[in-house]
Amino acid sequence: LNLLLLVVPFAWASHWLADQWGHEVTFILCLVAIIPLQNIFDWCAENFELLTPLGKDGRDFFAITFKNCVEATLAAILLKNCHLRLLQSTITGVVILHLLLVPGVAFFVQGSKTAEQLLHPHQASPNASLLMTG
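Source: prediction; values computed, not measured. (Residues numbered from 1 in each chain as written. Predicted model: local features only at pLDDT ≥ 70, side-chain atom pairs only at ≥ 80, totals over all residues. Heavy atoms only, no water.)

Draft legend 1. Spatial organisation of the overall build of the protein. Secondary structure summary: the protein contains 7 helices and 0 strands in total. Start at the N end of the protein and walk to the C end: the helices and strands fall as α-α-α-α-α-α-α. Within the protein, the fraction of its 134 residues that count as buried is 15%. Contacts spanning at least 24 positions in sequence make up 47% of the contacts within the protein whose residues lie at least 6 apart. (Helix = DSSP H or I, 4+ residues; strand = E, 2+ residues; numbered from the N terminus. Buried < 20%, exposed > 50% of the residue type's maximum accessible area, 1.4 Å probe, protein only. Contact = heavy atoms within 4.5 Å.)

Draft legend 2. Structural view of helix 5 (residues 69–80). Look at helix 5: 16 Å from first C-alpha to last across 12 residues, which is about the 16 Å you get at 1.5 Å a residue. Two residues or fewer after helix 5 comes C82, characterised by a positive phi angle close to 60°. (Expected span 1.5 Å × (residues − 1).)

Draft legend 3. Quick peek at unusual backbone geometry. In this structure, C82 takes a positive phi of about 60° despite not being glycine. As for its position among the elements, C82 is in the loop between helix 5 and helix 6 (84–113). A relative accessible area of 62% means that C82 is categorised as exposed.

Draft legend 4. A look at the packing of helix 5 against helix 6. Packing of helix 5 against helix 6 leaves a shortest axis separation of 9 Å and a crossing angle of 165°. One finds that helix 5 runs roughly antiparallel with respect to helix 6. As for the relative orientation of helix 5 and helix 6, their crossing is left-handed in sense. Between helix 5 and helix 6, the contacting residues are E71, L74, A75, L78 and L79 on the first element and L84, L86, L87, T90 and V94 on the second. Grouping the constituent residues of the contact of helix 5 with helix 6 by class yields 8 nonpolar, 1 polar and 1 charged. (Axes fitted to C-alpha atoms, helices over the stretch in contact; angles between N-to-C directions. Parallel < 35°, antiparallel > 145°, perpendicular 65-115°, else oblique. Left-handed = near helix turned anticlockwise from the far one by under 90°. Nonpolar A, V, L, I, M, F, W, Y, C, P; charged D, E, K, R; others polar.)

Draft legend 5. A look at the side chain of T26. For T26, the location among the structural elements is in helix 3 (residues 23–51). Engagement of the side chain of T26 in a polar contact is seen with the backbone oxygen of S14, the distance being 3.0 Å. A polar contact is formed between the side chain of T26 and the backbone oxygen of G22, at a distance of 3.3 Å. Apart from the residues within four sequence positions on either side, T26 is in contact with S14, H15 and A18. (Polar contact = N/O pair within 3.5 Å; in protein donor to acceptor, adjacent residues only side chain to side chain.)

Draft legend 6. View of a nonpolar patch on the surface. A cluster of nonpolar side chains, namely F10, W12, W16, L17, W21 and V25, defines an oily patch on the protein surface of about 690 Å² accessible area. Per element, the largest residue contribution to the nonpolar patch is 3 residues, and it comes from helix 1 (residues 7–16). In this fold, V25 is placed in helix 3. By relative accessible area, V25 is classed as partly exposed at 36%. (Patch = residues over 30% accessible without salt bridge, like charges linked within 9 Å, V, L, I, M, F, W, Y side chains within 5 Å. Areas by Shrake-Rupley, 256 points an atom, 1.4 Å probe, with all protein chains shown as cover. Salt bridge = Lys/Arg side-chain N within 4 Å of Asp/Glu carboxyl O.)

Draft legend 7. Expanded view of the confidence of the model for the protein. With 86% of its residues at a pLDDT of 70 or more, the protein has an overall mean of 79. Averaged pLDDT values for the elements of the protein fall to 65 in helix 7 (residues 121–133) and rise to 88 in helix 1. (pLDDT = per-residue confidence, 0-100.)

Shown next, in the form of C-alpha coordinates:
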(Lines give C-alpha, C1' and ligand atoms only; values in the text may rest on other atoms or scores of the structure.)
Protein backbone atom coordinates (compact mmCIF):
# COMPACT_ATOMS: atom_id res chain seq x y z
CA LEU A 1 0.00 0.00 0.00
CA ASN A 2 2.88 2.38 0.70
CA LEU A 3 4.11 1.87 -2.87
CA LEU A 4 1.05 3.81 -4.00
CA LEU A 5 2.64 6.90 -2.39
CA LEU A 6 4.69 7.13 -5.59
CA VAL A 7 1.48 8.14 -7.38
CA VAL A 8 1.08 11.32 -5.28
CA PRO A 9 3.64 13.48 -7.20
CA PHE A 10 2.19 12.34 -10.51
CA ALA A 11 -1.32 13.23 -9.33
CA TRP A 12 -0.05 16.65 -8.29
CA ALA A 13 1.67 17.15 -11.66
CA SER A 14 -1.39 15.97 -13.58
CA HIS A 15 -3.42 18.74 -11.96
CA TRP A 16 -1.18 21.33 -13.61
CA LEU A 17 -0.89 19.36 -16.85
CA ALA A 18 -4.58 18.47 -17.17
CA ASP A 19 -4.80 20.05 -20.62
CA GLN A 20 -2.12 17.69 -21.90
CA TRP A 21 -2.84 14.56 -19.86
CA GLY A 22 -6.61 14.86 -19.74
CA HIS A 23 -8.98 15.21 -16.82
CA GLU A 24 -9.65 11.46 -16.70
CA VAL A 25 -5.99 10.72 -15.97
CA THR A 26 -5.97 13.39 -13.26
CA PHE A 27 -9.05 11.89 -11.65
CA ILE A 28 -7.66 8.34 -11.69
CA LEU A 29 -4.28 9.41 -10.31
CA CYS A 30 -5.89 11.43 -7.53
CA LEU A 31 -8.22 8.55 -6.69
CA VAL A 32 -5.29 6.14 -6.39
CA ALA A 33 -3.24 8.71 -4.42
CA ILE A 34 -5.97 9.04 -1.77
CA ILE A 35 -5.65 5.36 -0.78
CA PRO A 36 -2.18 5.47 0.85
CA LEU A 37 -2.85 8.91 2.32
CA GLN A 38 -5.95 7.62 4.09
CA ASN A 39 -3.86 4.71 5.35
CA ILE A 40 -1.37 7.21 6.82
CA PHE A 41 -4.21 9.13 8.49
CA ASP A 42 -5.50 5.88 10.03
CA TRP A 43 -2.00 5.06 11.32
CA CYS A 44 -1.71 8.57 12.80
CA ALA A 45 -5.06 8.19 14.53
CA GLU A 46 -4.09 4.88 16.09
CA ASN A 47 -0.73 6.17 17.31
CA PHE A 48 -2.16 9.49 18.44
CA GLU A 49 -4.49 7.60 20.77
CA LEU A 50 -1.45 6.04 22.46
CA LEU A 51 0.51 9.27 22.89
CA THR A 52 -2.02 11.82 24.12
CA PRO A 53 -3.07 12.38 27.73
CA LEU A 54 -6.39 13.96 26.67
CA GLY A 55 -8.60 11.25 28.10
CA LYS A 56 -10.83 8.88 26.21
CA ASP A 57 -13.12 11.56 24.75
CA GLY A 58 -10.25 13.70 23.45
CA ARG A 59 -8.50 10.71 21.89
CA ASP A 60 -11.74 9.55 20.25
CA PHE A 61 -12.33 13.06 18.84
CA PHE A 62 -8.89 13.18 17.23
CA ALA A 63 -9.16 9.59 15.98
CA ILE A 64 -12.46 10.34 14.25
CA THR A 65 -11.03 13.57 12.83
CA PHE A 66 -8.02 11.78 11.36
CA LYS A 67 -10.12 8.94 9.97
CA ASN A 68 -12.48 11.38 8.23
CA CYS A 69 -9.75 13.70 6.99
CA VAL A 70 -10.42 13.01 3.30
CA GLU A 71 -14.11 13.81 3.68
CA ALA A 72 -13.33 16.94 5.70
CA THR A 73 -10.85 18.16 3.07
CA LEU A 74 -13.37 17.57 0.30
CA ALA A 75 -16.06 19.39 2.29
CA ALA A 76 -13.77 22.40 2.84
CA ILE A 77 -12.92 22.61 -0.86
CA LEU A 78 -16.56 22.32 -1.91
CA LEU A 79 -17.63 24.93 0.64
CA LYS A 80 -14.89 27.32 -0.49
CA ASN A 81 -16.02 27.01 -4.12
CA CYS A 82 -19.74 27.33 -3.17
CA HIS A 83 -20.72 23.90 -4.52
CA LEU A 84 -23.40 23.49 -1.87
CA ARG A 85 -25.49 20.83 -3.64
CA LEU A 86 -22.43 18.67 -4.16
CA LEU A 87 -21.44 19.24 -0.52
CA GLN A 88 -24.89 18.12 0.65
CA SER A 89 -24.64 15.01 -1.52
CA THR A 90 -21.18 14.22 -0.17
CA ILE A 91 -22.26 14.55 3.45
CA THR A 92 -25.34 12.42 2.79
CA GLY A 93 -23.19 9.76 1.13
CA VAL A 94 -20.76 9.66 4.04
CA VAL A 95 -23.58 9.37 6.57
CA ILE A 96 -25.23 6.56 4.60
CA LEU A 97 -21.89 4.80 4.25
CA HIS A 98 -21.11 4.91 7.96
CA LEU A 99 -24.60 4.16 9.23
CA LEU A 100 -25.83 1.57 6.74
CA LEU A 101 -23.14 0.04 4.57
CA VAL A 102 -20.48 -0.64 7.19
CA PRO A 103 -22.79 -2.32 9.77
CA GLY A 104 -24.63 -4.17 7.00
CA VAL A 105 -21.44 -5.66 5.59
CA ALA A 106 -20.20 -6.49 9.09
CA PHE A 107 -23.46 -8.31 9.90
CA PHE A 108 -23.36 -10.14 6.55
CA VAL A 109 -19.74 -11.28 6.90
CA GLN A 110 -20.18 -12.39 10.52
CA GLY A 111 -23.47 -14.07 9.68
CA SER A 112 -21.87 -16.05 6.88
CA LYS A 113 -19.25 -17.43 9.29
CA THR A 114 -21.57 -18.56 12.08
CA ALA A 115 -24.98 -20.15 12.13
CA GLU A 116 -26.06 -18.39 15.32
CA GLN A 117 -24.87 -15.15 16.89
CA LEU A 118 -25.32 -13.88 20.41
CA LEU A 119 -25.79 -10.10 20.39
CA HIS A 120 -26.53 -7.83 23.30
CA PRO A 121 -30.06 -6.49 22.56
CA HIS A 122 -29.31 -2.96 23.80
CA GLN A 123 -26.28 -2.56 21.50
CA ALA A 124 -27.70 -4.35 18.46
CA SER A 125 -31.11 -2.66 18.26
CA PRO A 126 -29.92 0.73 16.91
CA ASN A 127 -27.95 -0.95 14.13
CA ALA A 128 -30.87 -3.17 13.16
CA SER A 129 -33.17 -0.12 13.15
CA LEU A 130 -30.78 1.79 10.91
CA LEU A 131 -30.50 -1.13 8.50
CA MET A 132 -34.29 -1.42 8.28
CA THR A 133 -34.80 2.30 7.64
CA GLY A 134 -32.21 2.25 4.83
